[in-house]
Every structure is written in structure tokens, then in C-alpha cells.
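This is what each chain is made of:
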Amino acid sequence: IIVILFFTTIFGVELDSKIHKLEAKLKAAPNSTALRSRLGKLYFKNKQLKKCIEILSSEIDELGKSHKLILAQCYLMEKRFVDQSAVLQNIIDSRGDHYTVRFQLAKSYILQKLDDKAAEQLLIVIKANKKFKPAYNLLIDLFLKAKNYYEARLLIEESRTLFGESGKTLSLLCELYS
């Protein structure tokens, strides 16, 4: 335990030192997207979410995908789901369509209670990658929640064909057919 605390303390001090150095460099070059990106990543590692949001959100169009994902994660952790959705949509618009980002967007919509938008995104995810089981599971849950048993049944059957039988799918089908 002492060794863990020692390394945690050293890492924390080292991280703080890196942050201070980058903050000083950023004061000298306030328009540097590269410095902002590096500093935002360090703030995130140091769990300084508000500072990370502040530094990254001001340059969102200049950020790379990985830093936009960090910003989206900060918004999620701060429970700012509308902002998270906006960042994820920005990634989709600027970097092309990637099913994992759309899946995160769908989950963000669910947190905002926008189930129809979430279902739209999940259908796009499934169309883009038929083998992405989490999208099927989440969409089935949405259909069941909305009492759309017909669509849920169809999706469970498709899932069963793609991923094989499971206790959960068989149980759900029995429930839906009864």
C-alpha cells in the first residue's frame, strides 16, 4: 500500500508539474491548438474536468478525434449530456461516420430521454456493423421500453441468427410470444 501511495504521489506531482509547464507555454502561445490539446488531455488525466472542458471546448473545430472524445467524456462525467451529444455529432460531421461514435451518441440521447433519436442512431450503427452486439441489445431494450413488441421480436430473431442462442434471447422471445 505504501508503494502504491508513493507512486501515486510521484505521478500526481509529476502530472501537476507537466500541467504547470504547459500552462506557462500556453500563456506565451495562446492560439496553439497543439498545446491546448496536450493540456486538455493532462487535465483529463488529473480529473480536472471543468478545466479540460474549458480548454478543449474553445477550439473544438481544430481538435482531433481523440481530443473530441476526451471532451465528450468530460461532458458525460459532468452530466452535461446535450453538450456531449453536440461534440459526438461534431465528430460524425467532421471525421466521417464511425459506428462506435454513433453508439456513444445513442447512449447520450438515452440519457436525455430522447429514445427516438437514440433508436435512429442504433439502426445506423447496426446497418454499418451487423456484428456489433451492444447496439442490438440496446435497441431491443428501447423497443421493449416503448412496448414496440413487434420490432423487438424481429430484432431478437435477427440477433439470435447472428450471435446464436442465449438464455436471455430465448427468455425474451418466450415472453413476447406468450
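Cut-offs applied
Residues numbered from 1 in each chain as written. Predicted model: local features only at pLDDT ≥ 70, side-chain atom pairs only at ≥ 80, totals over all residues. Heavy atoms only, no water. Salt bridge = Lys/Arg side-chain N within 4 Å of Asp/Glu carboxyl O. Helix = DSSP H or I, 4+ residues; strand = E, 2+ residues; numbered from the N terminus. Buried < 20%, exposed > 50% of the residue type's maximum accessible area, 1.4 Å probe, protein only.

Undergrad: Where do I start with the pattern of salt bridges in this structure?
TA: Once the charged atoms of two side chains with opposite charge are near each other, the side chains can pair. One pass over the full model with this rule turns up seven salt bridges. We note a salt bridge from Asp115 to Lys145, for which the minimum N-O separation is 2.9 Å. Here the residue Asp115 occupies a position in helix α7 (residues 115-128), and Lys145 occupies one in helix α8 (residues 133-145), the gap between them amounting to 30 residues. Overall, the relative accessible area of 21% leaves Asp115 in the partly exposed class. The exposure class assigned to Lys145 is exposed, which follows from its relative accessible area of 58%. Measuring nitrogen to oxygen at the nearest pair gives 3.1 Å for the salt bridge that ties Lys130 to Glu158.

Undergrad: Would you mind showing me how to read unusual backbone geometry here?
TA: Apart from glycine, the bulk of residues carry a negative phi angle, and the bulk of peptide bonds sit in the trans form. With phi around 60 degrees, Lys47 is a residue other than glycine that occupies positive phi space. Of note, Lys47 is situated in the loop between α2 (33-45) and α3 (49-57). Even without being a glycine, Lys113 presents a positive backbone phi close to 65 degrees. Looking at the secondary structure, you find Lys113 in the loop between α6 (99-111) and α7.

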